[in-house]
Amino acid sequence: MPIPQKQFYVCLVVTTVASFVVLRRYLQQKKKKLEKEQKKAYLKCKTLFEFEALAKQLMKPHRFYYYDYKAGQGHTFQASRDYYDKQLKILPRALMHVTDVSIKTTIFGSTYESPIMIAPSAFHRLAHNDGEVATARGATEADCIYTYNWLYSTMPEEEVLKTAGPKFLHVYLTTPSEFLEKILSEAEIKGYRAIVATCDHPTDRVRNTVVPIFDEASKTVDHDLTQCMCMPNMNLKDVVNKSTSGVSGSVTWAHIDSIKKLTQLPIICKGILSPIDAQLAIEHGANGIVVSNHGGRQIDTAPPAIECLEDIVNVVNGRVEVFVDTGIRSGTDVLKALALGARAVFIGRPVLFGLACGGSDGVKTVLNMLKQELTYDMACCGLTSIDQINKDILYKHT
């Protein structure tokens with residue numbers, strides 16, 4: 001017998017609704033499975049380059065662009081990579097006793113578990129909702145120093161300081177004086193070990209390039225963007241549309257003189273490439289220098305920091321401690337930097353990519369990968385301690 005028309009439509013509706021429910025449940029389960037797989041995908045990464053590729057895949061394009069941004073055509077950064085890969089070659093040794101390799105080092109007289117530190121960087125909630133807290137936690141678990149960017153932190157300082165690991169405090173010399181004086185005078189009490197001051201930031205190039213892109217994204221494809229870029233330490237909720245500091249070009253060496261009066265902690269001048277500036281940093285009371293081209297973000301076709309390192313080390317001649325950053329992507333690169341005289345290295349973008357891929361666990365994995373690679377390479381060179389590293393391990397380097 002034919003089904004009455006009314007019953008037919010009832011059956012059709014019921015079947016359609018049931019199919020929709022089943023399909024919806026299937027898609028939800030598939031989405032959860034995909035999200036779960038993505039959260040663990042970083043565990044398959046074997047190099048920091050794979051972390052970068054995964055972060056690019058997981059992050060919204062404009063967020064990744066901010067981390068990856070390079071001035072001009074990116075020649076400065078690429079030159080850094082080329083110098084590590086093509087100009088510096090390691091000469092291994094054979095039949096050396098290397099059963100116990102230690103990567104412990106001393107910085108300003110204190111002993112640390114490794115010469116690998118996290119460089120100051122901004123807006124960590126672009127990568128992960130726990131932001132700087134997750135980064136600090138990852139650094140703690142990996143026994144590495146974390147340099148906290150007070151001004152551009154997206155998490156309150158008090159939350160970050162709840163993590164137990166050693167920390168340096170990073171400041172911009174353009175920070176409004178009422179804030180700068182307060183944070184520096186309290187830094188030692190809060191447990192910071194040193195002050196890192198950026199000295200190579202005379203313009204707002206990065207901000208002026210990125211803000212229009214972020215402004216458009218916040219209105220269209222990324223409605224959470226503004227919230228992810230809040231600056232709680234400055235009580236600012238909308239960094240996209242508000243200026244956050246003074247005039248960048250107005251800072252001079254006199255600012256280093258000023259901050260020296262506010263703290264007893266070691267002062268590290270970050271962003272030095274010229275031997276002339278290295279000498280000036282010492283004359284104005286710096287205790288350390290970071291040889292850095294700001295990750296290639298400030299000016300294109302600047303020399304690689306690693307290429308400038310040896311000249312700075314020679315000018316300094318042991319008077320202050322010298323560090324280096326930019327372009328370091330393996331423990332092998334760390335070893336080369338130490339061989340040229342760096343006391344330790346700062347790691348920037350790879351930490352952010354680790355944060356984007358796996359939160360605090362991703363940060364820890366990135367740092368531990370560098371530490372393990374450094375240990376392997378030291379053993380291959382017949383070295384069992386950091387103080388044994390020198391230029392002798394570099395093939396035909398003069």
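Residues numbered from 1 in each chain as written. Predicted model: local features only at pLDDT ≥ 70, side-chain atom pairs only at ≥ 80, totals over all residues. Heavy atoms only, no water.

Novice: Report on the overall build of the protein, specifying residues and quantitative values.
Specialist: A count of helical and extended segments in the protein gives 14 helices and 10 strands. Seen along its three principal axes, the alpha-carbon backbone of the protein occupies a region of about 100 × 60 × 40 Å. Long-range pairs, those at least 24 residues apart, make up 73% of the contacts in the protein between residues at least 6 apart in sequence. Here the protein has roughly 19,200 Å² of accessible surface; of this, 54% comes from carbon and sulfur atoms. (Helix = DSSP H or I, 4+ residues; strand = E, 2+ residues; numbered from the N terminus. Contact = heavy atoms within 4.5 Å. Areas by Shrake-Rupley, 256 points an atom, 1.4 Å probe, with all protein chains shown as cover.)

Novice: Outline the packing of aromatic side chains, listing residues and values.
Specialist: Inspection of the entire model under this criterion finds 12 aromatic pairs. In this arrangement the basic side chain of lysine 70 is found over the ring face of phenylalanine 77, its NZ or CZ atom lying 5.0 Å from the centre. The ring of tyrosine 66 carries the charged tip of arginine 297 above its face, separated from the ring centre by 5.1 Å. (Phe/Tyr/Trp six-rings, centres within 6.5 Å; stacked < 30°, edge-to-face > 60°. Lys NZ or Arg CZ within 6 Å of the ring centre and 35° of its normal.)

Novice: Give a detailed account of the sheet that holds strand β5 (residues 167-172), specifying residues and quantitative values.
Specialist: Judged by pairing direction, the barrel is parallel, and its 8 strands sit side by side in the order β3-β4-β5-β6-β7-β8-β9-β10 before closing back on the first. Taken pair by pair, the neighbouring strands of this sheet meet at an average axis angle of 30 degrees, ignoring direction. Of the pairings in the sheet, the one linking β5 to strand β6 (residues 195-198) comprises 4 bridges and is parallel in character. Each residue of the ladder has a partner; that of valine 171, found in β6, is alanine 197. Against the sheet, helix α14 (residues 349-380) engages β3 (116-118) and β10 (344-347), with an angle of about 165 degrees to β3. (Pairing = 2+ DSSP bridges. Axes fitted to C-alpha atoms, helices over the stretch in contact; angles between N-to-C directions.)

Novice: Which residues make up the pairing of strand β8 (residues 288-291), and what values do they have?
Specialist: Residues Gly288 and Val290 of β8 are buried on one face, and the alternating residues Ile289 and Val291, pointing to the opposite face, are buried as well. Crossover connection from strand β7 (residues 267-272) via helix α11 (residues 275-283) to parallel β8: handedness right-handed. Regarding the hand of the β-α-β motif, the stretch spanning β8, helix α12 (residues 305-316) and strand β9 (residues 321-324) is right-handed. (Buried < 20%, exposed > 50% of the residue type's maximum accessible area, 1.4 Å probe, protein only. Right-handed = clockwise from strand over helix to strand, strands pointing away.)

Novice: So what's going on with the environment of threonine 135? Which residues, and what values?
Specialist: Within the fold, threonine 135 resides in helix α5 (residues 131-141). Sequence-distant contacts of threonine 135, that is, excluding residues within four places in its chain, are made with Ile118, His124, Tyr146, Val351, Leu355 and Val363.

Novice: Now, about α14: what can you tell me, with residues and values included?
Specialist: With 32 residues, α14 should reach 46 Å at 1.5 Å per residue; the first-to-last C-alpha distance of 27 Å falls well below that figure. The sharpest bend along α14 reaches about 140 degrees and sits at glycine 358. (Expected span 1.5 Å × (residues − 1). Bend = angle between axes of the 7 residues up to and from the residue.)

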